Amino acid sequence: MTRVLRDIRNNLVEFVRTFGAFQLFFLRLLRHSPAILGTRFGLVIKQVYNTGALSLVIIMVCGLFVGGVLALQAYSNMAVFNAEDWTGVAAHQVLVKELGPVMTAILFAARAGTALTSEIGLMKATDQLSAMEMMAVNPVRRELVPRFLGGVIAMPFLAAIFSAVGLFGAHVVGVELFQVDVGSFWQQIQLIAESEDVNEGIIKSVVFGFAASVIAVWEGYNAMPTAEGVGRATTRTVVITAISILVFDFMITAALI
Amino acid sequence: MGDYSENLIEIHDLKYSRGHRAIFDGLNLTIKRGEITALMGPSGTGKTTLLRLITRQLIPQQGAIFVDGLDISTLSQSELYQLRQRFGMLFQNGALLTDLSVFENVAFPLREHTKLSNRLIRHIVLTKLHAVGLRGAADMMPAQLSGGMARRVALARAMVMDPEILIYDEPFVGLDPISLGVIVRLVRRLNDALGITSIVVSHDVEEIATVADRSFLLSDGKVAASGSPDELRTANSELVRQFMHGMADGPVAFHFDAPGYEEQLLGRDTE
Ligand SMILES: Nc1ncnc2c1ncn2[C@@H]1O[C@H](COP(=O)(O)OP(=O)(O)OP(=O)(O)O)[C@@H](O)[C@H]1O
Ligand SMILES: [Mg+2]
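Below is a short write-up of the structure. Within any chain, residue numbers begin from 1 and follow the written order of that chain's sequence. The lettering of chains begins at A and the numbering of ligands begins at 1, in the order of writing. Local features in this predicted model are restricted to residues of pLDDT 70 or higher, and side-chain atom pairs are both shown and tallied only at a pLDDT of 80 or more, whereas totals for entire chains, interfaces and linings draw on every residue. Values shown for side chains rest on all heavy atoms present in the structure; no hydrogens or waters enter the calculation.

### So, the coordination of the magnesium ion (ligand 2)
The protein atoms that coordinate the magnesium ion (ligand 2) are B:Thr48 (OG1) and B:Gln92 (OE1), at distances of 1.9 to 2.5 Å. Placement of B:Thr48 in helix H1 (residues 47-54) and of B:Gln92 in the loop between strand S6 (87-90) and helix H3 (102-113) is noted, with a sequence separation of 44 residues between them. Only nitrogen, oxygen and sulfur atoms within 2.8 Å of the metal, or 3.2 Å for Na, K and Ca, are treated as donors, and water is left out, so sites may look incomplete. Helix and strand definitions follow DSSP, with helices as H or I runs of at least four residues and strands as E runs of at least two, each counted in order from the N terminus.

### Description of the interface of chain B and chain A
Across the contact, 21 residues belong to chain B and 17 residues belong to chain A. As used here, buried area is the combined drop in accessible area, with a 1.4 Å probe, of two parts when they are placed together. Carbon and sulfur atoms supply 55% of the area that chain B and chain A bury against each other, a total of about 1,700 Å² over both sides. Three residues stand out in chain B for area buried against chain A, namely B:Tyr81, B:Phe108 and B:Glu112, and they jointly supply 29% of the buried area on that side. When a carboxyl oxygen of Asp or Glu lies within 4 Å of a side-chain nitrogen of Lys or Arg, that pair is called a salt bridge. Where chain B packs against chain A, one counts 4 salt bridges. For the salt bridge of A:Glu133 with B:Arg84, the shortest nitrogen-to-oxygen distance reads 2.3 Å. In the analysis that follows, any N or O atom pair within 3.5 Å is treated as a polar contact, provided that within protein one partner can donate a hydrogen and the other can accept it, and provided that, for residues neighboring in sequence, both atoms belong to side chains. Here chain B is connected to chain A by 8 residue pairs in polar contact (both at pLDDT 80 or more). Of all the secondary-structure elements, those providing two or more residues to the side of chain B that touches chain A are helix H2 (77-84), S6 and H3 of chain B. When residues of the side of chain B that touches chain A are assigned to their parent elements, the largest contribution, 4 residues, is made by H3(B). In this classification, the charged set is Asp, Glu, Lys and Arg, the nonpolar set is Ala, Val, Leu, Ile, Met, Phe, Trp, Tyr, Cys and Pro, and all remaining amino acids, among them Gly, are polar. Classifying every residue of the side of chain B that touches chain A by side-chain character gives 9 nonpolar, 7 polar and 5 charged. Any two residues having at least one pair of non-hydrogen atoms within 4.5 Å are treated as being in contact.

### A look at the packing of helix H7 (residues 195-221) of chain A against helix H8 (residues 227-256) of chain A
Residue and element names in this part refer to chain A. Only C-alpha atoms enter the line fits that serve as axes; for helices the fit covers just the stretch in contact. Angles between N-to-C directions range over 0 to 180 degrees. Here H7 crosses H8 at 155 degrees, and the two axes come no closer than 9 Å. Between H7 and H8, the interaxial angle falls into the category roughly antiparallel. You can see that H7 and H8 cross each other, and the crossing is right-handed. Contacts from Glu 200, Ile 203, Lys 204, Val 207, Phe 208, Ala 211, Ala 212, Ile 215, Ala 216 and Glu 219 of H7 reach H8 at Ala 233, Arg 236, Thr 237, Ile 240, Thr 241, Ser 244, Ile 245, Phe 248, Asp 249, Ile 252, Thr 253 and Leu 256. Between 65 and 115 degrees an angle is taken as roughly perpendicular, under 35 as roughly parallel, over 145 as roughly antiparallel, and anywhere else as oblique. Take the far helix as the reference: if the near one is turned anticlockwise from it by less than a right angle, the crossing is left-handed, and if turned clockwise, right-handed.

### Concerning the sheet that holds S6(B)
Residues and elements named next belong to chain B. A pair of strands is considered paired only if DSSP assigns at least 2 bridges between the two. Across the sheet, 6 strands lie side by side as S6-S7-S8-S3-S9-S10; this open sheet has mixed pairing. Bordering the open sheet on either side are S6 and strand S10 (222-227), each of which pairs with just one other strand. Averaged over all adjacent pairs, the angle separating strand axes in this sheet is 15 degrees, with direction ignored. Looking at chain direction, strand S7 (residues 165-169) and strand S8 (residues 197-201) are connected through 5 bridges and run parallel. Of the residues in S8, the one forming a bridge with Ile 165 is Thr 197. The strands touched by helix H5 (residues 147-158) within the sheet are S6 and S7, with S6 carrying the most contacts at an inclination of about 175 degrees.

### Comments concerning unusual backbone geometry
Residues and elements named next belong to chain A. In this structure, Asp 127 is a non-glycine residue whose phi angle is positive, near 65 degrees. Tracing the backbone shows Asp 127 in the loop between helix H3 (87-125) and helix H4 (128-134). You will see that Gln 179, though not glycine, has its phi angle at about 60 degrees, which is positive. With respect to the helices and strands, the residue Gln 179 is situated in the loop between helix H5 (139-177) and helix H6 (182-192).

Here it is, written out as structure tokens:
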């Protein structure tokens, strides 16, 4: 029994310590960010391209189907009240405020986040980060910060693309399949949707971008420098990002209501 | 503290442990300017660890390390980076940057630290690659190189900034006899022609004998013996003889610390 308690206590201490180190790490990335944006913008662009290109296809495909399924659900519910015209509005609200940012962040973690983690973890395992240290190049600045910024910049765009493609999917289902009048489908969206809805989506995607990127980079940088350690770190990237995104989503939604 | 016009690196009473295992326990060692110093010792004695301590990639629990009169534990990050620019280091496994070509790997320190024109960089890089016999591999990616080739590229990278101190971690492993001869002569020539101080980690008693001015044999966290290769070869300490002549039995245990063999095989729980 005392052993169990001791384990719990040790785990708790370990958790607090890790969380503190994580926050310091985040601050360190932020501290170097302005200089890197100013002087090594090429490195950042390369990473925006990397993460963006990696996730773009999967995000468009998922966006299309999520938009489609939202329209299916919305139509069948709205039809009960003879409010089929509202199909688009329902899909729009859910996409822009919730599923766009959340799904994008989780897909991003699964596709680009894992790649960031394993790249950095492998660089560590093969002494590339130490080699940079020895060449008097700070690996945090040279490798970690550009990857972090790449993710931070790419995420809002990816979320916007997800929502746009999702709306197109809703249009296909609502207008082409269920014959909702095209004019009222889009007019309702214009009437009901407010800029606050879009702002909420943007705020979320920015916050999620920071969270998903810093977690991926952190996990890679702290991976055990072995093949197994890197493998485990990539798994943790997905799990931890997914959990944090959902928690943040709840908190932001609650704060904005 | 000794004479810094002569001693480039001084290590005083160094203690370093990983977990509960003491790797260095009161190590004292001096590396003289302009010489080739060999660090030898059985696998796992901490030769690589010592190199990382000297370059402050690791921080000792106790003891002081002086490089050119500077106590490296007192340096700020930027002072440390300034000092490291005077070092070139060849890692045990090469540690080439895998997303850059061979050419860009060698050019990396130049691009990061200098504002040289592309033409000049190209000139310098190709000269260094030529010296290790790999000018023809400039456009290849590290993944396409063999282990020995990667190590030679890493050597070209280590010397591209014309460092004052070159550190080689096992430079002779995995080289064919021809490249081996070339690399041994290159280490010697860099040292003599450019007045570099070199530290070479190696198990290879033969190669060390031809290239080193002074050797240290590390064992059990201390310097077990030191001297010129000839002195070591003729030393009558049992430990030195065992190592220099490659005998399994002697004061250096071939086996890493372990519970009793019989006990472990019979599966008795030692906890
Ligand atoms: N990351 C680590 N965590 C724990 N122990 C380590 C770690 N790295 C090295 N060690 C231990 O430190 C000791 C010294 O390792 P080091 O790599 O310096 O040996 P070495 O003398 O370079 O050996 P080799 O000739 O095989 O390269 C080893 O016994 C190893 O068990
Ligand atoms: Mg070693």
